[in-house]
Amino acid sequence: PNILNSGRDNCGTPLGEQSPSVRSTVNLGVTIVDYVLTDNAGNTASCTTPITVVDRSAPTVTCFAEIELFADSKCEAEIPSVGTASDNCEFDTSQSPSVDTKVPVGNTVA
């Protein structure tokens, strides 16, 4: 983020430095941005600005239609993944019963 792009001084245009730098990527949460101006005489002025990055986008999930599984030699089948998910940030997924859980013939898992 660019919090300040210029400064004023009676001894010419001061040189500004920002940390983190302009166009840098910051993570979710609060990041303090420091801005320091130095004029031709070596005098400095500074300020800080908190930048807060928030995630207001809910994840999306799509469950598959009914799935028919075929029994193995022990009359069981392993539960597959039953949906897909996406989000603009990192996320964790879980399902119950979990993937690879064995269920006997005739069980309907909802």
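Structure first, text after, so check above.
Attention in this report is confined to the structure presented alongside it.

Cut-offs and rules
- Residues numbered from 1 in each chain as written.
- Predicted model: local features only at pLDDT ≥ 70, side-chain atom pairs only at ≥ 80, totals over all residues.
- Heavy atoms only, no water.
- Buried < 20%, exposed > 50% of the residue type's maximum accessible area, 1.4 Å probe, protein only.
- Helix = DSSP H or I, 4+ residues; strand = E, 2+ residues; numbered from the N terminus.
- Pairing = 2+ DSSP bridges.
- Salt bridge = Lys/Arg side-chain N within 4 Å of Asp/Glu carboxyl O.
- Axes fitted to C-alpha atoms, helices over the stretch in contact; angles between N-to-C directions.
- Patch = residues over 30% accessible without salt bridge, like charges linked within 9 Å, V, L, I, M, F, W, Y side chains within 5 Å.
- Areas by Shrake-Rupley, 256 points an atom, 1.4 Å probe, with all protein chains shown as cover.
- Contact = heavy atoms within 4.5 Å.
- Polar contact = N/O pair within 3.5 Å; in protein donor to acceptor, adjacent residues only side chain to side chain.

### Quick look at the pairing of strand S3 (residues 44-53)
With 0 of 10 residues buried, S3 is to be regarded as a mostly surface element. Pairing geometry for strand S2 (residues 29-38) and S3, over 10 bridges, is antiparallel. For Thr 31, the partnering residue across the bridge sits in S3 and is Ile 51. In sequence, S2 turns back onto S3 through a hairpin of 5 residues, with Gly 42 there showing a positive phi of about 90°.

### Topic: the pattern of salt bridges
Under the definition given, this model contains 2 salt bridges. One salt bridge in this structure joins Asp 72 and Lys 102, with 3.2 Å as the shortest N-O distance. On the criterion of sequence distance, the pair formed by Asp 72 in the loop between strand S4 (60-63) and strand S5 (76-78) and Lys 102 in strand S7 (residues 102-104) is long-range, its members being 30 residues apart. Its salt-bridge partner being Glu 78, residue Lys 102 comes within 3.8 Å of it at the nearest N-O pair. With a gap of 24 residues between them, Lys 102 in strand S7 and Glu 78 in strand S5 connect regions that are remote in the sequence. The network of salt bridges with common partners includes Asp 72, Glu 78 and Lys 102.

### Comments concerning the sheet that holds S2
Pairing is antiparallel in the open sheet, where 3 strands are placed in the order S1-S2-S3. Strands with a single pairing partner mark the edges of an open sheet, and in this sheet they are strand S1 (15-19) and S3. Taken over all neighbouring pairs, the strand axes of this sheet differ in orientation by 20° on average, direction set aside.

### As for a nonpolar patch on the surface
Judged by side-chain polarity, Phe 64, Ile 67, Leu 69 and Val 82 come together as a nonpolar surface patch covering roughly 310 Å² of accessible area. Here Phe 64 is to be found in the loop between S4 and S5. For Phe 64, a relative accessible area of 44% puts it in the partly exposed group.

### Concerning unusual backbone geometry
The amide bond that connects Ser 19 to the next residue, Pro 20, takes the cis arrangement and shows omega of -5°. Following the sequence through the fold, Pro 20 ends up in the loop between S1 and S2. Note that the residue after Ser 96, namely Pro 97, is joined by a cis bond; omega there is -5°. Residue placement: Pro 97 occurs in the loop between strand S6 (83-86) and S7. Its identity as a non-glycine residue notwithstanding, Cys 75 has a phi of 60°, on the positive side. Here Cys 75 is to be found in the loop between S4 and S5.

### Re the environment of Lys 102
According to the relative accessible area criterion, Lys 102 is partly exposed, its value standing at 40%. Separated by 22 residues in sequence, Lys 102 and Pro 80 place their C-alpha atoms 9.8 Å apart. For Lys 102, the residues in contact, after removing those within four places along its chain, are Asp 72, Glu 76, Ala 77 and Glu 78. Polar side-chain contacts of Lys 102 include one of 3.2 Å to the side chain of Asp 72.

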